Amino acid sequence: MPGLLKIAGLPDLPMLSAIIVMVMILLAAMLLGWLADLLLDNAGFGVMLNTGILLAGAFAGAWLWHRYGIPTRFPAEALRAVIATGSGLLLLIGLAVIRP
């Protein structure tokens, strides 16, 4: 599990802190999934599937940025959060657009 957290860009945390961080991430993704379900209406996938798509996109975006990122002068943690949120929303919107 520590390797998975490091890939996602999270620091090495004690187990209780890691659980709290993961719960916070899950709750934030569920909130964004609910908001996306409200905004996409009939083009959405439901709250839980929206949440899963957002988490998958966020993890993939954070991993890709960690692997191929361009150095910037912005704080790495803030930039990684913006990249993860944006890539999750981009994946969700992209899937909603190409959905038959």
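Everything below is about the structure printed above this text.
These numbers were taken from a predicted model, which means no experiment stands behind them. Counting starts from 1 at the beginning of each chain's written sequence and moves along it residue by residue. For a predicted model such as this one, the threshold for reporting local features is a pLDDT of at least 70, and the threshold for listing and counting side-chain atom pairs is 80 or more; totals across whole chains, interfaces and linings nevertheless cover every residue. Side-chain descriptors were evaluated using all non-hydrogen atoms of the structure, hydrogens and water having been removed beforehand.

Asks: Can you explain the packing of helix H2 (residues 15–40) against helix H3 (residues 47–68)? Please cite residues and give values.
Replies: Simply put, an axis is a line fit to the C-alpha atoms, just over the touching stretch for a helix, and the angle between two N-to-C directions goes from 0 to 180 degrees. Secondary structure is summarised from DSSP: a helix means a run of H or I of at least four residues, a strand means a run of E of at least two, and numbering begins at the N terminus for each. Across the interface, H2 lies against H3 with an axial gap of 8 Å and an inter-helix angle of 120 degrees. One way to sum up the angle between H2 and H3 is to call them oblique. Relative to H3, the crossing made by H2 is right-handed. Facing Ile25, Leu26, Ala29, Met30, Leu32, Gly33, Trp34, Ala36 and Asp37 of H2, the residues of H3 in contact are Val47, Met48, Asn50, Thr51, Leu54 and Leu55. Along the lines of polarity and charge, the residues of the contact of H2 with H3 split into eleven nonpolar, three polar and one charged. Throughout this description, any angle smaller than 35 degrees is read as roughly parallel, any larger than 145 degrees as roughly antiparallel, any in the 65 to 115 degree range as roughly perpendicular, and the remainder as oblique. Handedness of a crossing follows from how the near helix is turned relative to the far one, being left-handed for an anticlockwise turn of less than a right angle and right-handed for a clockwise one. Contacts are assigned to residue pairs with any non-hydrogen atoms lying within 4.5 Å of each other. Side-chain classes are defined by residue name, with Ala, Val, Leu, Ile, Met, Phe, Trp, Tyr, Cys and Pro counting as nonpolar, Asp, Glu, Lys and Arg as charged, and the others, Gly among them, as polar.

Asks: Give me the lowdown on the environment of Asn50, citing residues and values where you can.
Replies: Mapping Asn50 onto the fold places it in helix H3. Expressed as a C-alpha distance, the spacing of Asn50 and Ala36, which sit 14 residues apart in the sequence, is 7.3 Å. Within the local environment of Asn50, its side chain forms a polar contact with the backbone oxygen of Gly33, the two atoms lying 3.3 Å apart. Whenever two N or O atoms come within 3.5 Å, that pair is a polar contact, provided that in protein one can donate a hydrogen and the other can accept it, and provided that, for residues adjacent in sequence, both atoms are side-chain atoms.

Asks: Account for the packing of H3 against helix H4 (residues 76–98), naming residues and giving values.
Replies: Where H3 meets H4, the axes come as close as 7 Å, and the angle between the chain directions of the two elements is 130 degrees. Looking at the two axes, H3 sits oblique to H4. At the point where H3 passes H4, the crossing takes the right-handed sense. Residues Asn50, Ile53, Leu54, Ala56, Gly57, Ala58, Gly61, Ala62, Trp65 and His66 of H3 touch H4, and the partners they reach there are Leu79, Arg80, Ile83, Ala84, Ser87, Gly88, Leu89, Leu91, Leu92 and Leu95. Broken down by class, the residue content of the contact of H3 with H4 amounts to 13 nonpolar, six polar and one charged.

Asks: Provide a residue-level description of H4, including the pertinent values.
Replies: The first and last C-alpha atoms of H4 sit 32 Å apart over 23 residues, in line with the 33 Å expected at 1.5 Å per residue. Buried residues are those whose accessible area, probed at 1.4 Å on protein chains only, stays under 20% of the maximum for their type, while exposed residues exceed 50% and partly exposed ones sit between those limits. Those residues of H4 that sit buried are Leu79, Arg80, Ala84, Ser87, Gly88, Leu92 and Ala96. Buried residues along H4 sit in contact with H2 and H3. A helix is expected to reach a length of 1.5 Å times the quantity of its residues less one.

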